[in-house]
Every structure is written in C-alpha cells, then in structure tokens.
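# Working through the structure, step by step
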Amino acid sequence: MTQVTERGTPLPAAPRAAAGRRRSPAAAACVLGGAVAAGLGLGFLAVLVIVLWISSPYPDSGPGGALHLAAGLWLLAHGTELVRYDTLSGVPAPVGVTPLLLVALPALLMRRAARLGSASGEDGDGDEVLPASAVFSAVTCGYLSVGSLATIYAAAGPMPADPLSAAWHVPLVAVLAAAGGVWAAKGHPVGPLPHWVPGAVRRAAARPRYPLALRAGAAGALVLLGGGALLVGASLAWHGAEVQASFLALTGVWSGRFAVLLLSLALLPNAMVWGAAYSLGPGFALGAGATATPLGFAGSPALPRFPLLAALPPEGPGTLLTCATTGVPLLAGLAVGWFAVRRAREVSYKETALTAALGALVCALLLAGLAAVSSGPLGSRGLASFGPVWWAVGAAAFAWTLLPAVPVAVAVHSWRTRPARQAEALAPDADDDWHDSGVRELRWEALRRAAGALVPDLTQDPPRAQAPASAEPVPVTAGPVAASAEPVPVTAPKPPRRLTVVTGVHLDLTPVPAPAAPTAPTDQTAPETPTAPADAPPRPLVAPVAGARVLPRRKRQG
C-alpha cells in the first residue's frame, strides 16, 4: 500500500504529457488549413483562366501555360511584380499595378483559415485550444509553403514573378490576414500593449484620444474614397462614348470582352484611390512626364487602350469643373473634425484640437498606404511610373483635412458643452447649494401650515397677526401626545438665502387622508366644524411648485 501511495505522487504530470501529445494534431490541422487557403485561391484563379483559355478562339499556349499564368496572377494578388518578356523591344517589362479587388481573395481565405484554427477545440470536442501565437504561426507556415511552391511554378510561365518582390509581398499579406483572423476569433480584444513596449508609450496609448483619432481618420478616409468613386463614376458617364469604343475595339469575341470586363471590375478600387488623389491635388502619373491634376493634364502619355483610361480628363489646363473637385477633401476634413469630439464636459479645447490633428494624421497615413498599393509600373520606359505618388498624396491629405478639422472639432465641442456651461452659470455661488436652492423652505412652509403652531416659522418676515380663523380653540382629544402651549423661542435672524428656480420639476405636496382617531366621550360639547364631503378630493397644502431644482449638498469649508 505504501509503495502504491509513493508511486502515485508523480501522477499529475501525466495529463501535461498527454496534452503535449494532443497539441500536435491541432497544430498540424492549422498548418493544413493555411495550405488549403492558399490552394483555394490558386484553384479559383486556375479555373477562371482555364475557362477563358478554352473559350478563346486563339489560344496562344496549352493548358500548362494557362496554369502558369494563374499562378502568376495569384502572386500578383499579393502585390508581387510580374515580369513580361515577350515585348516588341525585347526589354523585359515589369507589371506592378495590383488590382485591389483581387487582393481580397487571398486575404479573406487566409483570415478564414486563422479563425477556424483559433476556434478548433472550443466546441467541447475534447481537443485542447491552441494559443493565439501557435495558431498564427501554424497557419502562416502552411500558407507560405504553398506560396513558395507557386513562385517556383510560375517562374516557368509567360509572366514569372520577381523573386525578391515575392519574398516579402506574400509573407506580408499572409501575416496581416492571419493576425486579423486570430484577433477576430478571440473576440476583437483591445488590451494593453506588450511589456516590451516602453512604459511611456503604453501609458500614452491608453488615453481615450487615440481610439477617437483612429475613428476620425477612418471617417475622413472613407469620405475621400467615396468622393473618388463619385468622380470616377461621373467621368465614366461623361466619356461614355469613348469608354464604349475602347471596350469594343480591344477584342471582338465574348470571352475576350468578358476578360476585359473582369479586369476593369478588379481595377475599380484602384480608380477610386486615383480619384481621391486627383481631388487632393497631387493627381496621378501616367508615365514619364505626364500627370493629371485638377489644374491641368500635362504631357502626352502613350497609354494603352483600356476602358478606364478612356475616362481620363482631357489634355490641357484645368477648368472650373475640375477645380471644383477640391471640395471632396474639405468634406473629409469636416468629417474628421466631427468624429474627433468626445461627449464629455471635462475635455478641454486643447485636447479636442489635438485629437482632431491626430485624426488628420491617421487619414493621411491611410491615403498614403492606399496610394502606394494602387500604383506601380506597367513598363520599363514611358510607363515606368503609373499611378499616384504616395508621399505627395499623404502630405496633401494631411494638409487638407487638418485645416478644417481643428476649428470644426473645437466648435462642435463648444456647442455640445453649451448646456452644461449655462447650468454652471446659473448655479448659486454659496457654499451650501442644498439650502440655497429653496427646497428646504418650501417643505417647512408646507409642514407649518399643516400642523399650525407645532412647527416654527422659518421665514425671515416679522411676525404677523394671525387670522381669526386660526385663533379658534382647537379641540383637545385623548391621545398619547398633547399639543404644547409653550411659546416658540425667537432666534436671531439669519442671512437671506437665494432661491434658484428652473423649469422642468413639479412639486405637489398633496396629503394622503388618514382615518380619524376615536375620541373619548365628554360632557362638554365641542363647537362643530364644517366638514368636507367624503367624495371630495383632498385640498393640497400648498400650491404646486414648478421649477424647484435640488442640488447636491456640499460640505462647508473649515
């Protein structure tokens, strides 16, 4: 028995070893989930390219070339630059303009894989829940494994990927999407920063101004993107004939036109960002020496025939209509100022102005990042720079949104705190706000009139002669307490108190009728007093008081 007891002491270590063994299948499932997410993205593009290749009347290569092209498009969806070798000049031409709508495919699949890996084991199936770091690492490793194989496979195709570009674009998209999926699976926690972050930075990040600045900056960026989309739609409608002619001239078969339509739809988010950059002032580049801004279209770019490019503004100086597009960033600045205001009285004007400035900075950073990912080269010479310049767009967005955001935020904060300031201005200056409000005097007056001489008069008026009706003798009844006939001592007069009357409060001191107490028999006949009918409503002791404001009592100093 003793041996069994002594040998049973290390038993608690057994579950930990079993848990370690159970963790391997869960981690393997997360790795497999990341690989499946990458495979689904590749499979979707492969099916699309194969369908277009089959329906094309002039296929340039076999199914192998179509699959290589699908792998290249999958890498392009991550921002990787492709290289086109079959050019007229024989010089390899890079293709770096990433369709932003195509980026959503790998990002959503990777985010879904991370969420499923984080949720495994939480439904009570007996598996241990992996920590967030383990899920993130496992899913990312599985995704990058397939990404490296796709890069090697696309190298033998007509448009191989640049290895250096793929080495950091694919991991960047995978890491961001996996982090978003794990964060969403954990319920979007917003906790303190890690301990390795300096203490001053952690304390500064805990202030409420930073979430407000993020919200205000996101609102300003959405307004700019919405304005860019409006400009693109208006330009497409204005140049409808040119857009239609460009679309029909590219190809005459339905499969080719369907491919052009899909590419145009995938590039619509890029056009929205370019429209926002155009309204901010820097505009966008259309090759070497050609730039489109509200002030004019300078240069003669050698643009390829494409429906979205047919909706560009005409060459030459700008007009009043093109200059009117600068109203979009003004609206974005108003949005930043409106969302940067906290609904609190204790916030100062300096804090509100600083929050609005931070919101303008966030908006500028967002627009700069979007401008960077929406542009890129389309060739080696004349089309080496295509799209907006990210640093110019960021600087213009900061300047345009900062100027109206700060005064608008201060004005909105002043308007929202106006009722509180008026209430403070109407409040009395005495130390004891409870007694200065006048509610105490109202209650004592009601009690004095109800009880007659039992309650002393607290008013500061000199004593007045009582009415004859009040001088009638009060019948004495047999009860536990008798009325005291002693005179009420007269105290020294007190300083007058202020009475604050505001609207919104109704005070009604109507008494509740109580049953009459039984009286003892007596030989003397008491004078009869008029009685009210039984069904008559009770008469209020005092007139209803409207507007009495009760303030909290403060302690006296000293």
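All of these numbers come straight from a predicted model, not from anything done at the bench.

### Remarks on the overall build of the protein
For the protein, the helix and strand inventory stands at 18 helices and nine strands. Counting across all 558 residues of the protein, residues that qualify as buried make up 34%. For the protein, long-range pairs separated by at least 24 residues make up 77% of all intrachain contacts whose partners lie at least 6 apart in sequence. Summed over all atoms, the accessible surface of the protein reaches about 34,100 Å², with 67% contributed by carbon and sulfur.

### Observations concerning the nonpolar core
Formed by 34 residues in total, the largest nonpolar core has its most connected members in Trp 74, Met 110 and Tyr 143. In terms of residue count, helix α5 (residues 132-154) provides more of this core than any other element does, seven residues in total. Among all residues touching Tyr 143, those that are not within four sequence positions of it are Gly 34, Ala 35, Ala 37, Ala 38, Trp 74, His 78, Pro 106, Met 110, Val 170 and Ala 174.

### Here's the deal with the sheet that holds strand β6 (residues 316-317)
Across the sheet, which stays open at both edges, the five strands sit in the order β6-β5-β4-β3-β7 with antiparallel pairing between neighbours. Edge positions in the sheet fall to β6 and β7 (386-387), since each has one partner strand and no second. In this sheet, strand β4 (residues 291-293) lies alongside strand β3 (residues 284-286) in antiparallel orientation, the contact comprising two bridges. In the sheet register, Ala 285 faces β4, and the bridge partner there is Thr 291. Strands β3, β4 and β7 of the sheet are contacted by helix α11 (residues 268-280), whose axis makes an angle of about 115 degrees with β3.

### Let's talk about the side chain of Thr 401
Among the structural elements, Thr 401 can be located in helix α15 (residues 390-416). Given a relative accessible area of 0%, Thr 401 falls into the buried group. At 2.6 Å, the side chain of Thr 401 forms a polar contact with the backbone oxygen of Ala 397. What Thr 401 contacts, discounting residues up to four positions off in sequence, is Pro 329, Ala 332, Gly 333, Ala 360 and Cys 363.

About the cut-offs
- Residues numbered from 1 in each chain as written.
- Predicted model: local features only at pLDDT ≥ 70, side-chain atom pairs only at ≥ 80, totals over all residues.
- Heavy atoms only, no water.
- Helix = DSSP H or I, 4+ residues; strand = E, 2+ residues; numbered from the N terminus.
- Buried < 20%, exposed > 50% of the residue type's maximum accessible area, 1.4 Å probe, protein only.
- Contact = heavy atoms within 4.5 Å.
- Areas by Shrake-Rupley, 256 points an atom, 1.4 Å probe, with all protein chains shown as cover.
- Core = buried A, V, L, I, M, F, W, Y, C linked by side-chain atoms within 4.5 Å.
- Pairing = 2+ DSSP bridges.
- Axes fitted to C-alpha atoms, helices over the stretch in contact; angles between N-to-C directions.
- Polar contact = N/O pair within 3.5 Å; in protein donor to acceptor, adjacent residues only side chain to side chain.

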